[in-house]
Amino acid sequence: MNLKKLKKKVAFEVLKFIPLKEIIGIGTGSTISYFLKYLKKFKNKIKGAVSSSTKTTNILNEYGIKIFYLNNINFLPIYIDSADEINKNMEMIKGGGAALTREKIIASSAKKFICIVDETKIVNVLGKFPLPIEVIPMAYKYVTYELVKLGGIVEKRKNVLTDNNNYILDVKNLFISNPKSLEKKINNIPGVVSVGIFSKRKPDILLISKKNKIKTIFRK
């Protein structure tokens, strides 16, 4: 089964977890794009959605799904998103779509976080995928210097401004054996808005699309 089919398969599977007549949080990325296409047919069964990015918001508007803002609601039962990498402890790298800060905020606000991935995203150790970090523009050179001291090879993502008008630094050459420690260390660098390590807010449910089945893992 090719990658596109795996993504579609898991994007369809997550529909069964959506609570009726509720507002849901939605992430960003290629797998989520397939989910949104399926959600279009399901839209009359939900109140609407909180979006993690302008890209997702535009698709929701196109599909006629009502947009809610996080500050205007009191309860978010579920957040659905994907990951660029995820390990056996459900620690993740996210931010390939440059929406990591808003994704982390919404995931942390939701009662339940469901992550949907294809099997190629499962890794033993995080770090093969370049680690995205959102930084305030005036600080990116200083942050780059600090990340190099941690052993990273840093590249500023070209022609990219986040929805928060910040830069993205992509960091290669990191063998992330302790995601929780590194997340805290990078977040403490002045100028960093958010790092794409998700170790504090892990998924409550992980759906993995494999060739012959969907594997469902519930966080203990």
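Refer to the structure printed above.
Now for a description of the structure that goes with this document. (Residues numbered from 1 in each chain as written. Predicted model: local features only at pLDDT ≥ 70, side-chain atom pairs only at ≥ 80, totals over all residues. Heavy atoms only, no water.)

### Looking at empty space enclosed by the protein
Put simply, the rule is: The definitions used throughout rest on a 1 Å grid laid over the protein atoms alone, on which a cavity is an enclosed set of points accommodating a 1.4 Å probe that cannot get out and a pocket is an open set flanked by protein within 12 Å on both sides along at least five of seven lines; lining residues are those having an atom within 4 Å of a point. Grid points are joined across faces, edges and corners, and a volume is the space filled by probe spheres set on the points. Helix and strand assignments come from DSSP, with helices taken as H or I runs of at least 4 residues and strands as E runs of at least 2, each series counted from the N terminus. Residues are grouped as follows: Ala, Val, Leu, Ile, Met, Phe, Trp, Tyr, Cys and Pro are nonpolar; Asp, Glu, Lys and Arg are charged; every other residue, Gly included, is polar.
Applying the stated criterion across every chain, the model contains 1 cavity of 30 Å³ or more. When its volume is computed, the largest cavity comes out at roughly 40 Å³. Contributing to the lining of the largest cavity are Ser52, Ala98, Ala99, Leu100, Thr101, Arg102, Glu134, Thr162, Asp163 and Asn164. When residues in the lining of the largest cavity are grouped by element, the largest group, 3 residues, is from helix H4 (residues 100-109). Looking at side-chain class alone, the lining of the largest cavity contains 3 nonpolar, 4 polar and 3 charged residues.

### Observations regarding the layout of surface pockets
Taken as a whole, the largest pocket holds about 300 Å³ of empty space. In this structure, the largest pocket is lined by 13 residues; those nearest its centre are Val50, Ser51, Tyr69, Leu70 and Arg102. Those elements giving two or more residues to the lining of the largest pocket turn out to be strand E2 (48-51), helix H3 (54-62), strand E3 (67-68) and H4. Sorting elements by how many residues they give to the lining of the largest pocket places H4 first, with 3 residues. Its residues assigned to classes, the lining of the largest pocket comprises 7 nonpolar, 5 polar and 1 charged. If you add up the space inside the second largest pocket, you get close to 180 Å³. Along its surface, the second largest pocket is lined by 15 residues, and Thr28, Gly29, Ser82, Ala83 and Asp84 are the ones closest to its centre. Among the elements that make up the lining of the second largest pocket, the one with the highest residue count is helix H2 (residues 30-40) (3 residues). For the lining of the second largest pocket, the class distribution of residues is 2 nonpolar, 8 polar and 5 charged.

### Structural notes on the sheet that holds strand E9 (residues 153-156)
Convention followed: A pair of strands counts as paired when DSSP detects no fewer than two bridges linking them. Lines fitted to C-alpha atoms define the axes here, with helix axes fitted over just the stretch in contact, and angles between the N-to-C directions of these axes take values from 0 to 180 degrees. Contacts between residues were defined by any pair of non-hydrogen atoms, one from each residue, lying within 4.5 Å.
Taken in spatial order, the 4 strands line up as E9-E10-E8-E11 in an open sheet, and their pairing is antiparallel. The open sheet has two free edges, formed respectively by E9 and strand E11 (192-195), since each of these has just one partner strand. Direction aside, the axes of adjacent strands within the sheet are offset by 25 degrees on average. With 5 bridges connecting them, strand E8 (residues 131-135) and strand E10 (residues 167-172) associate as antiparallel partners. Each bridged residue has a counterpart across the sheet, and for Glu134 the counterpart in E10 is Ile168. Seen against the sheet, H4 touches E8, E10 and E11 and runs at an angle of roughly 65 degrees to E11. Across the sheet, helix H5 (residues 140-149) lies against E8, E9, E10 and E11, angled at about 15 degrees from E10, the strand it touches most.

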